[in-house]
Amino acid sequence: MRIAVGGIHTECSTYSPLLQTEEDFRITQGTYLLQQIALTAEAFSKVTFCPLFHARSIPGGAVQTAVYQAFKDRFLRELDQCTSVDGVLLIMHGAMHVPGLEDPEGDWISAVRKKVGPDVPIAVSYDLHGNVTQTIIDQIDIFSAYRTAPHIDVGETHLRAARMLVTQLSGGPRHFVGWVPIPVLLPGERTSTEDEPTKSLYANLLKHDQRVGVSDANLMVGYVWADVRRATAAAVVTGTQADAVSEAAETIANSYWSERSNFDFGVPAKSLQACLDDAANCSDFPFVLADSGDNPTGGGIGDRNDVLSTWLECELIDAVFAGIADPQAVERIWTLDTGDQVRLPIGGTLGSHCPFLEIEATLRKKIGTKSSSDREVLLSVNGNLVIVTEQRRPFHNLSDFHRFGIQPETCKFLVVKSGYLSPDLAGVARTSVMALTAGAVNQDLSALSNTARHNPVFPFQKDFDWQPRVRLSGRAQG
């Protein structure tokens, strides 16, 4: 039993001007790819996995068309070289955007289907913030998506898809997929599985899994910061019996629709000034402030200086800002020695329209190398610490701070570019707020242009009725 494994994983805001290039992607291949997604010999003793490659980037703007095409062509070539494939496992995200291509994942998966033919089952593993289309559903046999946000079940999701695929290839019943698009588009920050009503909605998916004829039930939140026609929430169910799949998908869709007005942020979400007022009056530390509009893991550019600029104007101190992406500033600072002082502009060099900010800073630490393009510097600025990075990146793990000798649990203020907090930061925060800031992933949905999305969709439009309509895969009767 030979199963090819690989895929492409990114999330693209159409409100970001920053195109993703090949250098933005990290390529994982070979046995390391299998280890990364837990496809071990111990877990699948009778399976030979054929690892191709997996391309993954920090979410951002659209992927350059030539870059996407090169990755797809390479994937198909490697799939050709993996002879006698019995099945394919695709590790995807679902929210990629490529200029001139309406449905990139649908294009990728359709190309794989054409390559392997109609008889080879294809399983996909998705992020719950991905978008689904009928084109995708018609090409696949098995679908699994994350059930947690923040995502702590990534490996488990890959294994769910792999196990269903192996079961079918081992003589088990043939799987197919049914789905219901739901006309709701909400940000992940209002649909975290740590908070109600999302927590209960996802817990109920396990009950559907236990039904005869249903193998895997999924609720897709979709990706709101892409003004594209395919953006949608959805119920997606893998199973072996049409009636059971249809009933589960309809029930999941109805449950999400009925709660559409009840989703809210899991932490206080306020204007930037209100957040800084809270900081000035805080007595329970660490105080963690999330700069939500410029969150790189949602598709933000990561170079905005709005929060730092306003913080300094308010003459606040004792904060760690992690971080601001500014390769030009890093290049200039790199020639300095620890303890040197410098005056320079910071922020906005990757395409964001943000205030001009010039700072006087003292260099505290440098890490990374020029050859690896991963240089980062720690600066002291008016009683605060500011991390400036060469590359866009989030600071979600405690180890991100430890590298600079910073202990987040003992800090007074942490300012990070984030939406909902990562488990690490949520675990140390005694007080946390979300600043409703500007950026490519603006939480104020009313401020987003809305020209290509399918209408009506809540909350862009609110006064409309809807009833679920189940759509089975074209392979259901094959």
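About the thresholds
Residues numbered from 1 in each chain as written. Predicted model: local features only at pLDDT ≥ 70, side-chain atom pairs only at ≥ 80, totals over all residues. Heavy atoms only, no water. Phe/Tyr/Trp six-rings, centres within 6.5 Å; stacked < 30°, edge-to-face > 60°. Buried < 20%, exposed > 50% of the residue type's maximum accessible area, 1.4 Å probe, protein only. Helix = DSSP H or I, 4+ residues; strand = E, 2+ residues; numbered from the N terminus. Lys NZ or Arg CZ within 6 Å of the ring centre and 35° of its normal. Salt bridge = Lys/Arg side-chain N within 4 Å of Asp/Glu carboxyl O. Pairing = 2+ DSSP bridges. Contact = heavy atoms within 4.5 Å. Axes fitted to C-alpha atoms, helices over the stretch in contact; angles between N-to-C directions.

## Structural notes on the packing of aromatic side chains
Step number 1: Across all of its chains, the model carries 16 aromatic pairs by this definition.
Step number 2: On the basis of an interplanar angle of 85° and a centroid distance of 5.5 Å, the ring pair of F44 and F49 is categorised as edge-to-face.
Step number 3: Overall, the relative accessible area of 11% leaves F49 in the buried class.
Step number 4: Ring centres of Y68 and W108 lie 6.0 Å apart, and the angle between their planes is 55°; this geometry places the pair in the tilted category. You can see Y68 sitting in helix 2 (residues 65-81) and its partner W108 sitting in helix 3 (residues 104-116), a full 40 residues away along the chain. An identical accessibility class is assigned to Y68 and W108; each is buried.
Step number 5: Members of the aromatic cluster, joined through ring pairs, are F25, F53, Y68, F71, F75 and W108.
Step number 6: The ring centre of W257 lies 3.8 Å from the NZ or CZ of R260, which sits over that ring.

## Here's the deal with the pattern of salt bridges
Step number 1: Scanning the model with the defined rule gives 26 salt bridges in all.
Step number 2: The shortest N-O distance in the salt bridge between K115 and D80 comes to 3.1 Å. You can see K115 sitting in helix 3 and its partner D80 sitting in helix 2, a full 35 residues away along the chain.
Step number 3: For R375, the salt bridge is made with E331, and the minimal N-O distance between the two is 2.7 Å. Pair noted here: R375 is in the loop between strand 14 (358-367) and strand 15 (376-381) and E331 is in helix 11 (residues 327-333), with a separation of 44 residues, a long-range link.

## Regarding the sheet that holds strand 9 (residues 233-239)
Step number 1: Pairing within the open sheet is antiparallel, and its four strands lie in the order 8-9-7-19. Whereas interior strands pair on both sides, the edge strands pair on one side only; in this sheet they are strand 8 (214-220) and strand 19 (471-472).
Step number 2: With six bridges joining them, strand 8 and strand 9 adopt antiparallel strand pairing. Within strand 9, the residue paired with D216 across the bridge is T238.
Step number 3: Sheet strands in contact with helix 8 (residues 242-258) are strand 7 (176-182), strand 8, strand 9 and strand 19, and its direction is about 155° off that of strand 9.

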